[in-house]
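# Coordinate analysis (summary)
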Amino acid sequence: MFFIMLPGHLVYTFEITAAKDQDKNNVKIVLDIENAKCSICLNLWHDVVTVAPCLHNFCNGCFSEWLRRSSSKSRDKSQCAACPQCRTAVQSVGRNHFLHNIEEAILQTFSSLQRSDEEIALLESYASVKSNIVLGKQKNQSRKRPFPRSTDNIDNADLPCPQCRGEFGGFRCSPGAAHLQCDGCGGMMPARSNVNIPQKCLGCDKAFCGAYWCSQGVNSSHFNLICNQETFKMISQRHVSRLPDTVHGGNPYEKDITEKCIQQSGKTLQAVISEWTSKFDNMEIDRSRLQLNNVDAITSRTYICNHCYNKFTDFLLYWYRVSMPRNLLPPDAVNRESCWYGFLCRTQHHRPDHAKKLNHVCRPTRGNP
Ligand SMILES: [Zn+2]
Ligand SMILES: [Zn+2]
Ligand SMILES: [Zn+2]
Ligand SMILES: [Zn+2]
Ligand SMILES: [Zn+2]
Ligand SMILES: [Zn+2]
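Residues numbered from 1 in each chain as written. Chains lettered and ligands numbered in written order. Predicted model: local features only at pLDDT ≥ 70, side-chain atom pairs only at ≥ 80, totals over all residues. Heavy atoms only, no water.

Before going further, it helps to examine the coordination of the zinc ion (ligand 3). Within the protein, the zinc ion (ligand 3) binds to Cys161 (SG), Cys164 (SG), Cys173 (SG) and His179 (NE2); these donor distances fall in the range 2.0 to 2.4 Å. For the zinc ion (ligand 3), the four donor atoms in the first shell make angles of 97 to 114 degrees at the metal, a pattern classed as tetrahedral. When the donor residues of the zinc ion (ligand 3) are listed from N- to C-terminus, their spacing reads C-x2-C-x8-C-x5-H. Taking relative accessible area as the criterion, Cys173 reaches 10% and is therefore assigned buried. (Donors = N, O, S within 2.8 Å, 3.2 Å for Na, K, Ca; no water. Tetrahedral: all angles 85-135°; square planar, octahedral: opposite > 155°, others 65-115°. Buried < 20%, exposed > 50% of the residue type's maximum accessible area, 1.4 Å probe, protein only.)

Have a look at this one:
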């Protein structure tokens, strides 16, 4: 058991054991999910930020909104804000890429902890912590930052680029070379136009380092601050074993129907996804509903990030359902009429009876009131 402690504050607990596989340099980190929750909203962190010096963690949106409210209440503007969890005076706050990776890994395994798109959008509209912003005076604060963070001037000691430090895959960065910051781990990699491996996700135009470092023979036993290659992969090399909760706009009834349709067809989810991916490749489906950048350039050989891949499978499953003949739907879904507002309907998210009674995997036939 391993505790990260500061005087008076237990921050979080990890249990670290040697991994069973051959690679002796790996350890397995066990974390109680309860320790990965925000004490403001009680959900799993979203875009986690860490406050110093107490090192409590919150959703960026929750903390930002709390800060905004508490500073508008406080008469003395020069006074330090207090941590919402322990009331310690907050000296600085920053986004925490290390814990952000843990947050993503938890969501990969427990997709039921994923919040609805509406909740996320609201939270993100509050989020104001962009980097390592500083509140109040920095007295008594150690110069060394406890965690790697995104800062305005990133120095190599904080977020090292492996190829600035040494030669890997026959390449070493020249002094002053342009770098990209990975959106997954916050680490740096050289921006290279002469390599075959993509460094940016075509779906969101953000940089991801997993595929690049793998191609350069760098892995996390050399540098722990890089992404796993599984986080940035070709569409055709990905594997889905269960329906994400975000499918059909997060409407659980529609998810259930799609699940039954797939079961009845005797195919696996992966087989259905592969089949619809080739229809996508062959331009057999209208791409206008796909909420990604560069939609026309995307094929099954495109590298995309996990987030964009989720959107991609949601899109394919929409078309799978829309083109399903009525008589192949499960008995309780055959006679449902389509909601006028289709997939855009807001009522389906707060009225379960409505979500259940009408079909929402369809185009809107009129606008929301
Ligand atoms: Zn929160
Ligand atoms: Zn605190
Ligand atoms: Zn470099
Ligand atoms: Zn992406
Ligand atoms: Zn990365
Ligand atoms: Zn509706």
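With that out of the way, let us pick up the coordination of the zinc ion (ligand 2). Bound to the zinc ion (ligand 2) on the protein side are Cys54 (SG), His56 (ND1), Cys83 (SG) and Cys86 (SG), at distances that span 1.9 to 2.3 Å. Because the angles between the four donor atoms bound to the zinc ion (ligand 2) fall within 106 to 113 degrees, the donor set is best described as tetrahedral. Donor residues for the zinc ion (ligand 2) sit on one chain with the sequence pattern C-x1-H-x26-C-x2-C.

Across the chain, the bulk of peptide bonds are trans and the bulk of non-glycine residues have phi less than zero. Between Ala52 and Pro53 the backbone carries a cis peptide bond, its omega angle lying at 10 degrees. With respect to the helices, strands and loops of the structure, Pro53 is situated in the loop between strand 4 (48–52) and strand 5 (57–59). Positioned with a positive phi, Leu42 is a non-glycine residue whose angle comes to about 65 degrees. Relative accessible area serves as the criterion here: at 62%, Leu42 is assigned to the exposed category. A positive phi angle is found at His248, which is not glycine, with a value near 50 degrees. (Helix = DSSP H or I, 4+ residues; strand = E, 2+ residues; numbered from the N terminus.)

Side chains on a regular strand alternate between the two faces of the sheet. For strand 4, the tally of buried residues reaches five of five residues, placing the bulk of the element in the interior. Residues Val48, Thr50 and Ala52 line one face of strand 4 and the alternating positions Val49 and Val51 line the opposite face, and both faces are buried. Across three bridges, the pairing between strand 4 and strand 5 is antiparallel. Bridge assignment links Val49 to a residue of strand 5, and that residue is Phe58. Between strand 4 and strand 5, which pair antiparallel in sequence order, lie four residues; one of them, Leu55, sits at a positive phi of approximately 65 degrees. Of the pairings in the sheet, the one linking strand 4 to strand 6 (residues 92–95) comprises four bridges and is antiparallel in character. Within strand 6, the position partnered with Ala52 by the bridge is Ser92. (Pairing = 2+ DSSP bridges.)

Moving on, we get to the confidence of the model for the protein. Detail in the predicted coordinates should be disregarded across regions flagged by low pLDDT. Overall, the predicted model of the protein reaches an average pLDDT of 81, with 80% of residues at or above 70. At the low end of the mean pLDDT range in the protein sits strand 1 (residues 2–6), at 41; at the high end sits helix 7 (residues 269–281), at 97. A low-confidence stretch, residues 1–11 (pLDDT under 50), is modelled with 27 contacts involving residues beyond four sequence positions or located in other chains. For the stretch residues 133–158, pLDDT sits under 50, and the model shows 54 contacts to residues farther than four places along the chain or on other chains. (pLDDT = per-residue confidence, 0-100. Contact = heavy atoms within 4.5 Å.)

What follows is about the packing of helix 7 against helix 8 (residues 306–322). As a packed pair, helix 7 and helix 8 sit with axes 10 Å apart at the nearest point and diverge in direction by 85 degrees. Regarding the angle of helix 7 to helix 8, the classification is roughly perpendicular. Every residue of helix 8 that contacts helix 7 at Leu269, Val272, Ile273, Trp276, Thr277 and Phe280 is listed here: Tyr309, Phe312, Thr313, Phe315, Leu316, Leu317, Trp319 and Tyr320. Taken together, the residues of the contact of helix 7 with helix 8 break down into 12 nonpolar, two polar and no charged. (Axes fitted to C-alpha atoms, helices over the stretch in contact; angles between N-to-C directions. Parallel < 35°, antiparallel > 145°, perpendicular 65-115°, else oblique. Nonpolar A, V, L, I, M, F, W, Y, C, P; charged D, E, K, R; others polar.)

Moving on to the side chain of Arg238. Its place among the elements puts Arg238 in the loop between strand 10 (232–234) and helix 6 (252–265). Despite its burial, Arg238 remains without a salt bridge, the nearest opposite charge being carried by Glu230 at 6.9 Å. At 2.7 Å, the side chain of Arg238 and the backbone oxygen of Ile304 are in polar contact. Beyond its immediate sequence surroundings of up to four residues, Arg238 is in contact with Glu230, Thr231, Phe232, Lys233, Gln270, Ile304, Cys305, Asn306 and Tyr309. (Lys, Arg positive; Asp, Glu negative; His and termini not counted. Salt bridge = Lys/Arg side-chain N within 4 Å of Asp/Glu carboxyl O. Polar contact = N/O pair within 3.5 Å; in protein donor to acceptor, adjacent residues only side chain to side chain.)

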